[in-house]
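Residues per chain are reported as follows:
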Amino acid sequence: MTRLFGTNGVRGVVNQDMNPDLALDLGRAIGTYYARRKEKPFIAMGTDARISNHMLKSACTSGLLSVGCNVEDLGILPTPALQYAVKEKDYDAGVIITASHNPPQFNGIKVVDLDGTELSKEQEEEIEDIYFSKSFRIVSWDKVGQLSAWDGAGELYIRGILSKVDTEAIRKANLHVVLDCGNGAGAVVTPELLRRLGCKLTEVNCELDGFFRGRPSEPVPENLGELMERVREVGADLGVAQDGDADRAIFIDEKGNYIFGDQSFSLLARYIIRGRKGIVVTPVSTSSSLEEVVTREGGKVIYTRVGSPIVARVMKEVNAVFGGEENGGLIFPEHQYCRDSAMTIAKMLELLAKEEKSLSELISELPRYELVKTKITCPNDRKEDVLRKIKDVVSSQQDVRKIDDTDGVKIYLEDGWVLVRPSGTEPIFRIFAESKDRGKAEELADSYKRLVEDMVSTS
Ligand code: MG
């Protein structure tokens with residue numbers, strides 16, 4: 001069966017694969033799924049700032065109402081703010097219309113469960129099954145759902161974050177922050193949160209714009225030139241950029257340097273673990289710098305397959321104190337089990353207020369690793385066979401210290417590691433190689449690329 005849900009909900013180009021028909025039937029399917037648990041499910045609905053939001057929201061809402069769900073429209077808000085509202089209030093689920101960091105012509109539909117977490121693969125498959133078989137619930141005219149609206153979700157979310165950080169210390173530190181929301185949904189709450197934390201605020205791209213005119217939505221270095229320049233220009237203590245639906249945050253130090261997500265992750269992990277220990281959860285693709293930092297502080301890292309819902313689920317199971325991904329998507333369990341950029345920003349401000357060092361100094365204290373990424377094509381139906389062969393070959397190699405098959409195969413060597421991971425969406429293997437030495441990382445990536453190529457051509 002074709003899959004509808006990708007790694008981050010259902011996504012596509014508007015009025016091509018992501019159209020009102022799909023949104024309508026998906027609304028019916030989601031509603032039918034939740035109606036199996038409860039007679040009249042109450043669904044929270046939100047959107048990011050894209051111009052196709054109203055079209056898709058209306059269609060999806062119509063589908064939900066038609067199968068007997070009540071729907072509450074929470075308006076434009078960050079994905080984590082919707083998740084927080086679902087967790088804190090009496091909603092049975094949430095739906096958010098967003099394509100995260102994708103370009104403006106894309107949009108998507110993402111479903112959030114009762115506790116605010118993203119759905120498991122099994123839940124998504126059940127919804128897909130209803131969608132493709134069109135086995136929608138049918139209700140009589142008097143059971144059709146009702147639509148309400150609530151504009152308090154942003155305030156609820158801001159207060160939730162303020163209650164989980166040392167606001168007094170942050171206010172006293174009087175930090176100057178340059179905030180770049182990338183014209184995305186973060187703009188609805190993040191400037192207000194920073195003002196309430198007593199920050200001096202310089203805004204970049206903090207107006208909502210469904211065309212993302214300020215910059216492309218993905219917070220990668222090439223898209224954050226303006227932010228880096230502004231940080232230097234105004235002499236700020238830090239800069240921060242959010243992606244389109246504000247679940248990820250990327251930081252800029254006071255000198256205007258881009259801080260990669262694994263570095264801010266390691267820095268926050270050190271701060272959270274220190275004097276407390278505990279478990280930090282992350283996918284196998286994350287830099288060893290995290291493990292080095294966490295182990296040094298007496299904590300432990302548990303690795304998962306790639307994907308933030310999996311990280312969140314394992315965090316719950318092992319009662320982790322922190323977790324996240326190397327792309328700036330961090331999860332604070334005392335707040336909620338999903339990636340949350342505004343919470344990440346507030347925690348980073350608390351760290352800066354308490355550590356009394358500049359962000360660049362703090363980053364320079366972290367271990368440095370070099371990561372090289374490459375990929376090779378391989379038909380989907382041969383991936384498993386190739387993986388098995390790679391495992392066979394490497395298990396007999398002298399220099400291999402450990403093999404981990406949590407997601408693809410991760411090979412630990414004397415001076416680094418290599419991860420060979422089948423993509424879930426494309427006919428390719430992704431190869432990650434990490435070492436403290438750049439040359440070594442490149443060498444590892446090259447040699448394993450050749451090995452995988454051999455396996456693909458002979459299998
Ligand atoms: Mg996102």
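Notes on the structure in this doc start here. (Residues numbered from 1 in each chain as written. Predicted model: local features only at pLDDT ≥ 70, side-chain atom pairs only at ≥ 80, totals over all residues. Heavy atoms only, no water.)

**A word on the overall build of the chain**
Here is the rule we go by: Strands are runs of DSSP state E lasting at least 2 residues, helices are runs of H or I lasting at least 4, and numbering of each runs from the N terminus. Every radius of gyration here is taken over C-alpha atoms, with the globule rule written as 2.2 Å times N^0.38, N being the number of residues. The classification of residues rests on relative accessible area computed with a 1.4 Å probe and restricted to protein chains. Under 20% of the type maximum is buried, over 50% is exposed, and intermediate values are partly exposed.
Scanning the chain from terminus to terminus reveals 15 helices and 20 strands. Over its C-alpha trace the chain gives a radius of gyration of 22 Å, about what one expects of a compact globule, namely 23 Å for 459 residues. Considering only C-alpha atoms, the chain reaches an extent of 70 × 60 × 40 Å along its principal axes. Counting only residues that meet the buried cut, the chain has 60% of its 459 residues in that class.

**What to know about the pairing of strand β20 (residues 428-435)**
Two faces, one strand: in a regular strand the side chains alternate between the faces of the sheet. As a reminder, the rule being used: In this description, strands pair whenever DSSP reports at least two bridges between them.
Extensive coverage of β20 is indicated by the burial of seven of its eight residues. In this structure, strand β16 (residues 370-377) lies alongside β20, joined through eight bridges in antiparallel fashion. Along β20, the bridge assignment pairs V372 with A433. Bridge count for strand β19 (residues 416-422) against β20 is six bridges, and the pairing is antiparallel.

**Digging into the coordination of the magnesium ion**
We apply this condition: For Na, K and Ca the donor cut-off is 3.2 Å; for every other metal, N, O and S atoms count as donors within 2.8 Å. Water does not enter the count, which can leave sites looking incomplete.
Bound to the magnesium ion are the protein donor atoms S100 (OG), D243 (OD), D245 (OD) and D247 (OD), situated 2.0 to 2.2 Å from the metal. The sequence pattern describing where the donors of the magnesium ion fall on their chain is S-x142-D-x1-D-x1-D.

**Side note on the nonpolar core**
For clarity, the threshold we go by: We define a nonpolar core as any set of buried Ala, Val, Leu, Ile, Met, Phe, Trp, Tyr and Cys residues linked to one another through side-chain atoms lying within 4.5 Å. Whether two residues touch is decided by their heavy atoms; if any such pair falls within 4.5 Å, the residues are in contact.
The biggest cluster of nonpolar side chains holds 69 residues, and the ones touching the most others in it are L197, F251, F322, L349 and L359. Residue contributions to this core peak at eight residues, all from helix α12 (residues 341-355). Residues contacting L349, with those up to four places away along its chain left out, are I170, L175, V177, L194, L197, C199 and L238. Ranked by size, the runner-up nonpolar core spans 31 residues in total, among them A23, L26, I43 and V111.

**Digging into the sheet that holds strand β4 (residues 93-97)**
Whether parallel or antiparallel, the strands of a sheet pair through hydrogen bonds between backbone atoms. As a reminder, the rule being used: The axes are straight lines fitted to the C-alpha atoms, using for helices just the contacting stretch, and the angles between their N-to-C directions are given from 0 to 180°.
Read across the open sheet, the six strands follow the order β1-β5-β4-β2-β3-β6; overall the sheet is mixed. Since the sheet does not close on itself, it has two edges, and those belong to β1 (10-13) and β6 (147-149), each with one partner. Across the sheet, the axes of successive neighbouring strands diverge by a mean angle of 20 degrees, strand direction being ignored. As defined by bridge partners, strand β2 (residues 42-47) adjoins β4 across five bridges and the pair is classed as parallel. In the sheet register, G46 faces β4, and the bridge partner there is I96. Sheet contacts for helix α1 (residues 20-35): β1, β2, β4 and β5 (106-112); angle to β5, the most-contacted strand, approximately 5 degrees.

**Some remarks on α1**
Test applied: Helix span is expected to be 1.5 Å times the residue number reduced by one. Polar contacts here mean pairs of N or O atoms no more than 3.5 Å apart (in protein, one a potential hydrogen donor and the other a potential acceptor; neighbouring residues in sequence count only if both atoms are side-chain atoms).
Counted at 1.5 Å a residue, the expected span for α1 with its 16 residues is 22 Å, and the 22 Å between its end C-alpha atoms agrees. With respect to burial, α1 is a largely interior element, 12 of its 16 residues being buried. Those residues of α1 that fall on the buried side of the exposure criterion are L22, A23, D25, L26, G27, A29, I30, G31, T32, Y33, Y34 and A35. Contacts from the buried residues of α1 go to β1, β2, α2 (53-66), β4, β5 and α4 (121-133). With a side-chain oxygen lying 3.2 Å from the backbone nitrogen of D21, the N-terminal cap of α1 falls on N19.

**Focus on the side chain of D253**
Condition: Only four residue types enter the tally: Lys and Arg on the positive side, Asp and Glu on the negative side; His and the chain ends are excluded. Within this document, salt bridges are pairs made up of a side-chain nitrogen of Lys or Arg and a carboxyl oxygen of Asp or Glu, the two lying within 4 Å of each other.
Mapping D253 onto the fold places it in the loop between β10 (249-252) and β11 (258-259). Salt bridges are absent for the buried D253, whose nearest opposite-charge side chain, K255, sits at 6.1 Å. The residues contacting D253, other than those within four sequence positions of it, are V231, D237, I259, L359 and S360.

**Side note on unusual backbone geometry**
For N183, which is not a glycine, the phi torsion comes out positive at approximately 65 degrees. Tracing the backbone shows N183 in the loop between β7 (176-180) and α7 (190-196). The exposure class of N183 is buried, given its relative accessible area of 2%. Look at N319: it is not a glycine, yet its phi comes out positive at around 55 degrees. According to the relative accessible area criterion, N319 is exposed, its value standing at 60%.

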